[in-house]
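Structural description and commentary
One letter stands for each residue in the lines below.
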Amino acid sequence: MVLVIGGAGFIGSHMVKYLLQKGERVVVLDNFSTGHRRAVVGGTIEEGDLRDPDALRRVFRKYDIECVMHFAAFIFAGESMRNPAKYYDNNVLGCLRLLEAMREAGVSQLIFSSTAAVYGEPQEIPIPETHPLNPTNAYGETKRVMEGMLRWYGQAYGIRSMALRYFNAAGADPEGELGEDHRPEEHLIPLTLFAALGRRDSIAVFGTDYNTPDGSCIRDYVHVWDLCEAHYLALQQLRAGAPSNVYNLGNGQGYSVLEVIRTAERVVGKPIPTVYAARRPGDPARLVASAAKAQQELGWQPRYPALETMIEHAYRWFVAHPEGYPT
């Protein structure tokens, strides 16, 4: 059985659906502080907090857990700079509690949702996994610390892990059942589509003077369903006895903020109100992945690499769910 922690969130809920389609038995642990119960389409739900040793102990005793997938971190870089204590408490302490519960229960396989934010300002593009880790925000720093915890717990206690460093997760369930519903929302593609749908006045472009072709930041976007496939491939590797490893998950293709807005305008068929603002602190000019390692070692190949496809899938879900998930 696979334990999906944070399985009511954006990526976690898609992962639950993907695993169920593959015939896996799934249990979800979520405290529903940011996730949505309606987003969990199957499996067994256990309500509880990652930082609560008793809740973790209860789940590990109740179910025969083979592997844990951890999606329960807080994820907003800007918020992490305003309130780093919140991020250290949930992300770092939560990871420690999980690793201790796994050690106590004798569960030795973990797939960890990491991030490109561990790299900070890139020294080379595309970014390989061997790039130095120098986060520029507290969110990225907590993920760097968590990756270190996995390494040392693996060395000392035999917990094998796959740390998957996402670039920008985007899109929605290709079947239209699941989507992205953060409250508040801080990601570019949803905010752009909200502006198109009249749910906000405009979309802001933070910085137009970067050293990029159009002056706006460049990011690598990867479809949420492709992320799920990478997790499943990593699960198969762990089942086959593979050692711990780290993989970038991205398309290797960067798009600027202005390119995202222009692509969204083509998808929705109308101009999207846009305003221009100063740079935000800690925003690197370019973040583009080298995903060659994941492709070679996991056999991962994105099925939905086109930015337009990601935006179309997201737009379709937002149109069908104008209020997001029912509460």
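Check the entry above for the structure.
Heads up: these notes are all about the structure in this document. Small disclaimer: the values here were computed from a predicted structure and weren't measured.

The rules behind these values
- Counting restarts for each chain, with residues numbered from 1 along the sequence as it is written.
- Reporting in this predicted model follows two pLDDT cut-offs: at least 70 for local features of residues, and 80 or more for side-chain atom pairs to be given and counted; totals over whole chains, interfaces and linings ignore these cut-offs and use all residues.
- Side-chain numbers come from the whole structure's heavy atoms, not from hydrogens or water.
- Disulfide assignment relies on a single distance test, namely cysteine sulfur atoms paired within 2.5 Å.
- Here's how the labels work: a residue is buried when its accessible area is under 20% of the maximum for its type, exposed when over 50%, partly exposed in between, all with a 1.4 Å probe on protein chains only.
- Buriedness of a pocket was judged along seven lines, with at least five required to meet protein on both sides within 12 Å; pockets are open sets of points on a 1 Å grid over the protein atoms alone, cavities are sets where a 1.4 Å probe fits but cannot get out, and lining residues have an atom within 4 Å of a point.
- Grid points are joined across faces, edges and corners, and a volume is the space filled by probe spheres set on the points.
- Note on conventions: DSSP H or I runs of at least 4 residues are helices, E runs of at least 2 residues are strands, and numbering of each starts at the N terminus.
- Under this grouping Gly is polar, as are all residues other than the nonpolar Ala, Val, Leu, Ile, Met, Phe, Trp, Tyr, Cys and Pro and the charged Asp, Glu, Lys and Arg.

Digging into the state of the cysteines
Within this structure, the stated rule accounts for zero disulfides. Free of any disulfide, C95 has its nearest neighbouring cysteine sulfur in C67, separated by 14 Å. Since its relative accessible area comes to 0%, C95 is described here as buried. There is no disulfide at C228, and the cysteine sulfur nearest it, in C67, is 14 Å away. With a relative accessible area of 0%, C228 lands in the buried category.

Comments concerning the layout of surface pockets
Looking at the second largest pocket, its volume works out to about 230 Å³. Together, L133, R144, E147, G148, L150, R151, S161, A163, R165, S244, N245 and V246 line the second largest pocket. Taken together, the elements giving at least two residues each to the lining of the second largest pocket come down to helix 5 (138-157), strand 6 (160-166) and strand 10 (245-249). Per-element tally for the lining of the second largest pocket: the top contributor is helix 5, with five residues. Each residue belonging to the lining of the second largest pocket can be placed in one class, and the counts come to four nonpolar, four polar and four charged.

Some details on unusual backbone geometry
In the segment running from I125 into P126, the intervening peptide bond is cis, with an omega of -5 degrees. Residues R183 and P184 are joined by a peptide bond in cis, for which omega reads 0 degrees. Within the element layout of this structure, P184 appears in the loop between strand 7 (168-170) and helix 6 (188-196). Phi is positive for F32, close to 60 degrees, though the residue is something other than glycine. Tracing the sequence through the fold places F32 in the loop between strand 2 (26-30) and strand 3 (44-47). What makes F32 buried here is its relative accessible area of 16%.

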